[in-house]
Amino acid sequence: MEEAKYYSVRMRASQNIADQSESKHISGGELISTYSNIKESVNILLEKALTHSRGNADFMQIQFEAIQEPVEYIKPLEVRTNEVASMEAGQVLAKSLLEKAGIPKKTIDKVYENLSQYLEPAGAVLVDVQSGERVDDRKNKGIRVSRIDWLPYHFERWSDFYHIKGNQRLREALALATKVSSHPAAAAELCWSDDPDYVTGYVASKREGYQRITKLKEYGDERGGRIFFVHCSEELDSYIYYLEKKPVFIQWEGSREE
Ligand code: WAQ
Ligand code: MG
Ligand code: MG
Ligand code: MG
């Protein structure tokens, strides 16, 4: 067998595992590493979970595994930051951006009716664009997108170029949103953090890019999540396989004249 070049490194941390039904998700993380960087990668994820605004974990798992699948390279979505004065204004904008991305209004309304239960999983919830119904069967876990990272220094060069304060969250979220949106089954994504100290979220789609919205919830709120709007005409299992297993690097080679 050929020697694997890359490793998927994943972390999850939670609280109150004595009673699984009450277990609270604290932090998760996923990145791609070379063999020689595994120690550093594990440390990045360890650090992320140990100093988390959702609280101290009493359970943590960090694992790595060799990646066998061929790697795909994709360009980051275009980024736009929409400043809003309040959470209400942010949510109105999020709904209109979803409509612009082609999601029917009745689907958006249905998702918002079920929102509180969709914000619970430690992963993402998949919703059919047409029916507005949840279509994954992962219950309180959701789908965790994995095997995603920037090529070394590409995020730093990208954020320097656009004079964007290159924070770790944007780094992770833009990579994830780019992967999620690049598949034919993807229509749009709605996201905001479950961390009480981070209120910026986004709507992302191939068509409208990564649209940051500076306030989608109130400070202190620990509810957050991700909803992926999907075209169920596409093979759902293969989309889920892609999200969880396909190794994707975000590659940014500089701006093009447009
Ligand atoms: N796969 C699927 N769902 C995930 C993943 C993943 N790898 N990671 C997080 N989630 C879901 C899960 O339900 C979390 O509760 C929720 O998303 C929020 O995760 O400034 O920090 O990592 O442009 O807290 C977006 C804006 C920040 C960044 C999002 O999310 C910016 C964020 P968090
Ligand atoms: Mg995260
Ligand atoms: Mg979080
Ligand atoms: Mg959540």
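Sequence order as written defines residue numbering, which begins from 1 separately in each chain. To read the labels, note that chains go from A and ligands from 1, taken in the order they are written. Reporting of local features is limited, given that this is a predicted model, to residues whose pLDDT is at least 70; pairs of side-chain atoms are given and counted only at 80 or more, and all residues count toward the totals for whole chains, interfaces and linings. No hydrogens and no water enter the side-chain calculation; it runs on all heavy atoms of the structure.

**Notes on the packing of aromatic side chains**
What counts is decided by this rule: Stacked, tilted and edge-to-face pairs are distinguished by plane angle, under 30 degrees for stacked and over 60 for edge-to-face with tilted covering the rest, among Phe, Tyr and Trp rings (Trp via its six-membered ring) whose centres lie within 6.5 Å. Strands are runs of DSSP state E lasting at least 2 residues, helices are runs of H or I lasting at least 4, and numbering of each runs from the N terminus. Partly exposed residues are those whose accessible area sits between 20% and 50% of the maximum for their type, while under 20% is buried and over 50% is exposed, using a 1.4 Å probe and protein chains only.
In the structure shown here, the tally under the stated rule is 13 aromatic pairs. Taken together, a centroid distance of 5.7 Å and an interplanar angle of 75 degrees make the contact between Tyr7 and Phe64 edge-to-face. Of this pair, Tyr7 sits in strand β1 (residues 7-15) while Phe64 sits in strand β3 (residues 59-66), and the two are 57 residues apart along the sequence. Judged by relative accessible area, which is 12%, Tyr7 ranks as buried. Centre to centre, the rings of Phe155 and Trp158 are 5.7 Å apart; their planes meet at 25 degrees, and the pair counts as stacked. On the criterion of helical spacing, the pair formed by Phe155 and Trp158 is a turn pair, its members being three residues apart in helix α5 (residues 154-161). Accessibility assignment for this pair places Phe155 and Trp158 in one class, buried. An aromatic cluster of at least three residues, connected via ring pairs, comprises Trp150, Phe155, Trp158, Phe161, Tyr162 and Trp252.

**Some words on the site of ligand 1**
This is how the line gets drawn: Proximity is defined per residue: if any heavy atom of the residue lies within 4 Å of a molecule or strand, that residue is considered near it. Here a polar contact is taken to be a pair of N or O atoms separated by no more than 3.5 Å, where protein atoms must pair a possible hydrogen donor with a possible acceptor and residues adjacent in sequence count only if both atoms sit in side chains. Here the open area of atoms and residues is found with the Shrake-Rupley method and a 1.4 Å probe, where only the protein chains shown may cover a residue. Residue polarity follows a fixed list, in which Ala, Val, Leu, Ile, Met, Phe, Trp, Tyr, Cys and Pro are nonpolar, Asp, Glu, Lys and Arg are charged, and the others, Gly among them, are polar.
Near ligand 1 lie 25 residues; those nearest to it are Val145, Ser193, Tyr198, Tyr210 and Arg212. Within the contact set of ligand 1, an oxygen atom lies 2.5 Å away from a side-chain nitrogen or oxygen of Arg212. Expressed as a share of its isolated accessible area of 700 Å², the protein-covered part of ligand 1 is 95%. Breaking the shell around ligand 1 down by element, the ones donating at least two residues are α6 (168-181), β8 (186-192), β10 (209-213) and β11 (225-230). Top element by residues in the shell around ligand 1 is α6. It accounts for four residues. Here the residues of the shell around ligand 1 are counted per class, giving 13 nonpolar, five polar and seven charged.

**Structural notes on the sheet that holds strand β7 (residues 148-150)**
Strand-to-strand pairing in sheets goes through backbone hydrogen bonds, with the strands running parallel or antiparallel. Heads up, the rule is: A pair of strands is considered paired only if DSSP assigns at least 2 bridges between the two. Lines fitted to C-alpha atoms define the axes here, with helix axes fitted over just the stretch in contact, and angles between the N-to-C directions of these axes take values from 0 to 180 degrees. Should any heavy atoms of two residues lie within 4.5 Å, those residues are counted as being in contact.
Pairing in this open sheet of three strands is parallel, and the strands run β4-β12-β7 from one edge to the other. In this open sheet, the two edge strands, each paired with only one partner strand, are β4 (72-74) and β7. Ignoring which end each strand starts from, the neighbouring axes of this sheet average 30 degrees apart. Along the sheet, α6 makes contact with β4, β7 and β12 (248-250), crossing β7 at roughly 120 degrees.

**Quick word on the packing of α5 against α6**
Two numbers describe a pair of packed helices, the interaxial angle and the distance between the axes. Rules: Any angle that falls under 35 degrees is termed roughly parallel, while one over 145 is termed roughly antiparallel, one within 65 to 115 roughly perpendicular, and all others oblique.
Between α5 and α6, the shortest axis-to-axis distance is 11 Å and the interhelical angle comes to 105 degrees. In terms of their interaxial angle, α5 and α6 are classed as roughly perpendicular. Two secondary-structure elements touch here, α5 through Phe155, Glu156 and Trp158 and α6 through Leu170, Arg171 and Leu174. For the contact of α5 with α6, the class distribution of residues is four nonpolar, no polar and two charged.

**Details of the environment of Leu31**
With respect to the element layout, Leu31 can be found in strand β2 (residues 24-33). Here the alpha-carbon distance between Leu31 and Leu170, two residues 139 residues apart in the chain, equals 14 Å. Not counting chain neighbours up to four residues away, the residues in contact with Leu31 comprise Tyr7, Ser8, Val9, Ser41, Ile44, Leu45, Ile148 and Asp149.

**A short note on the sheet that holds β10**
Pairing is mixed in the open sheet, where six strands are placed in the order β5-β10-β9-β8-β11-β6. The sheet terminates laterally at β5 (79-82) and β6 (124-128), the two strands that pair on one side only. Taking the axes of each pair of neighbouring strands and ignoring which way they run, one obtains an average angle of 15 degrees across the sheet.

**As for the coordination of the magnesium ion (ligand 4)**
Short version of the rule: Donor criterion used throughout: N, O or S atom within 2.8 Å of the metal, extended to 3.2 Å for Na, K and Ca. Water excluded; incomplete-looking sites may result.
Distances from the magnesium ion (ligand 4) to its protein donors, namely Pro121 (O) and Gly224 (O), fall within the range 2.6 Å. Residue Pro121 is found in the loop between α4 (115-118) and β6, and its partner Gly224 is found in the loop between β10 and β11; the two are separated by 103 residues along the sequence. We note that Pro121, like Gly224, is buried.

**Some details on helix α3 (residues 105-113)**
Worth spelling out the cut-off: Within this analysis, the arc is defined by the directions that extend from the helix axis to the C-beta atoms.
Among all positions of α3, only Thr107, Ile108, Val111 and Tyr112 are buried. Down the axis of α3, the buried side of the element spans an arc of 135 degrees, and every buried residue falls inside it. The exposed residues of α3 that point more than 90 degrees off its buried face are Lys106 and Glu113.

Geometry only, nothing functional implied.
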